[in-house]
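Given next are the chains, with one letter for each unit.
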Amino acid sequence: MSDLLGRLRERGWRMTAQRRVVAEVLDGDHVHLTADEVLARATARLPEVSRATVYNTLGELVALGEVVEVTTDGRAKRYDPNAHRPHQHLVCSGCGKIRDVHPEGDPLAALPASERFGYSVSAAEVTYRGLCPDCAAGPR
């Protein structure tokens, strides 16, 4: 579980009703929602939350380092609350669904020194691609 709400409370983040509902919508495992999906789910819980509040809150959560923006294949940005546990992403090439994965080993170790071209490499982002079970099954 990402425990986004707990982390925000520990930081003393001002928790208005609108900000709380955005954080609640984002909290959880394998959550990778677009801003519009966050807006739809937030307004279902709290109809008076505005688009501007959702977008501003997402921007603030990213700036705080509590949520990570994820972009794959030119699709809409998605927001990942799993910002504090190192992980990679598994992306469905069909529908775009994203799952967090935790492969064994250090991805930095996979890049040989001869391929670093003198860079001091500090991080690696690996994206695994394939078809989710629903897309692999094809039309029903």
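Model, not experiment: these values are computed from the prediction.

Conventions we followed
Residues numbered from 1 in each chain as written. Predicted model: local features only at pLDDT ≥ 70, side-chain atom pairs only at ≥ 80, totals over all residues. Heavy atoms only, no water. Pairing = 2+ DSSP bridges. Helix = DSSP H or I, 4+ residues; strand = E, 2+ residues; numbered from the N terminus. Buried < 20%, exposed > 50% of the residue type's maximum accessible area, 1.4 Å probe, protein only. Axes fitted to C-alpha atoms, helices over the stretch in contact; angles between N-to-C directions. Expected span 1.5 Å × (residues − 1). Arc of directions from axis to C-beta. Contact = heavy atoms within 4.5 Å. Salt bridge = Lys/Arg side-chain N within 4 Å of Asp/Glu carboxyl O.

Q: Mind laying out the sheet that holds strand 2 (residues 68-70), listing which residues take part and the relevant values?
A: The strand order 1-3-2 describes an open sheet built from 3 strands, whose pairing is antiparallel. At either end of the open sheet lies a strand with only one pairing partner, and these are strand 1 (33-34) and strand 2. Note that strand 1 and strand 3 (residues 78-80) share 2 bridges and pair antiparallel. Looking across to strand 3, one finds that leucine 33 is bridged to tyrosine 79.

Q: Explain unusual backbone geometry to me, using residue names and the numbers behind them.
A: Despite not being glycine, phenylalanine 117 shows a phi value in the positive range, around 50 degrees. Mapped onto the elements of the fold, phenylalanine 117 is located in the loop between strand 5 (98-101) and strand 6 (127-130). Taking relative accessible area as the criterion, phenylalanine 117 reaches 63% and is therefore assigned exposed.

Q: An account of the sheet that holds strand 4 (residues 88-92) is needed here, citing residue identities and associated values.
A: Strand order in the open sheet formed by 3 strands is 5-4-6, and the pairing between neighbours is mixed. The sheet is open, and its two edges are formed by strand 5 and strand 6, each paired on a single side. The sheet shows a mean angle of 25 degrees between the axes of neighbouring strands, taken without regard to direction. With 4 bridges joining them, strand 4 and strand 5 adopt antiparallel strand pairing. Bridged to leucine 90 within strand 5 is arginine 99.

Q: Got a sec to walk through helix 4 (residues 51-64)? Specific residues and values, please.
A: In a regular helix each residue adds 1.5 Å, so 14 residues correspond to 20 Å; helix 4 covers 20 Å between its end C-alpha atoms and thus fits that length. Residues Val54, Thr57, Leu58 and Leu61 constitute the buried set of helix 4. Axial view of helix 4: buried residues confined to an arc of 100 degrees, hence all on one face. Turned more than 90 degrees away from the buried face of helix 4, the exposed residues are Asn56 and Ala63. Where helix 4 is buried, its residues touch helix 1 (4-11), helix 2 (17-26), helix 3 (35-45) and strand 3. In the segment just after helix 4, glycine 65 is the residue with positive phi, at about 80 degrees.

Q: Can you explain the pairing of strand 5? Please cite residues and give values.
A: By the alternation rule, side chains of strand 5 split into Ile98 and Asp100, which are all buried, and Arg99 and Val101, of which none is buried. Between strand 4 and strand 5, which follow one another and run antiparallel, lie 5 residues, and glycine 96 among them has a positive phi close to 90 degrees.

Q: So what's going on with the environment of lysine 97? Residues and values would help.
A: With respect to the secondary-structure elements, lysine 97 resides in the loop between strand 4 and strand 5. Spatially, the C-alpha atom of lysine 97 lies 22 Å from that of valine 54, the residues being 43 residues apart in sequence.

Q: Can you tell me about the pattern of salt bridges, naming the residues and giving the values?
A: Summed over all chains, the structure comprises 7 salt bridges. Glutamate 66 serves as the salt-bridge partner of arginine 7, at 2.5 Å between the closest nitrogen and oxygen. Taken together, the positions of arginine 7 in helix 1 and glutamate 66 in the loop between helix 4 and strand 2 put the pair 59 residues apart, joining distant regions of the chain. Exposure class is identical for arginine 7 and glutamate 66. Each is buried. Of the charged contacts in the structure, one is a salt bridge between glutamate 69 and lysine 77, with a shortest N-O distance of 3.7 Å. The partly exposed category is assigned to glutamate 69, whose relative accessible area is 36%.

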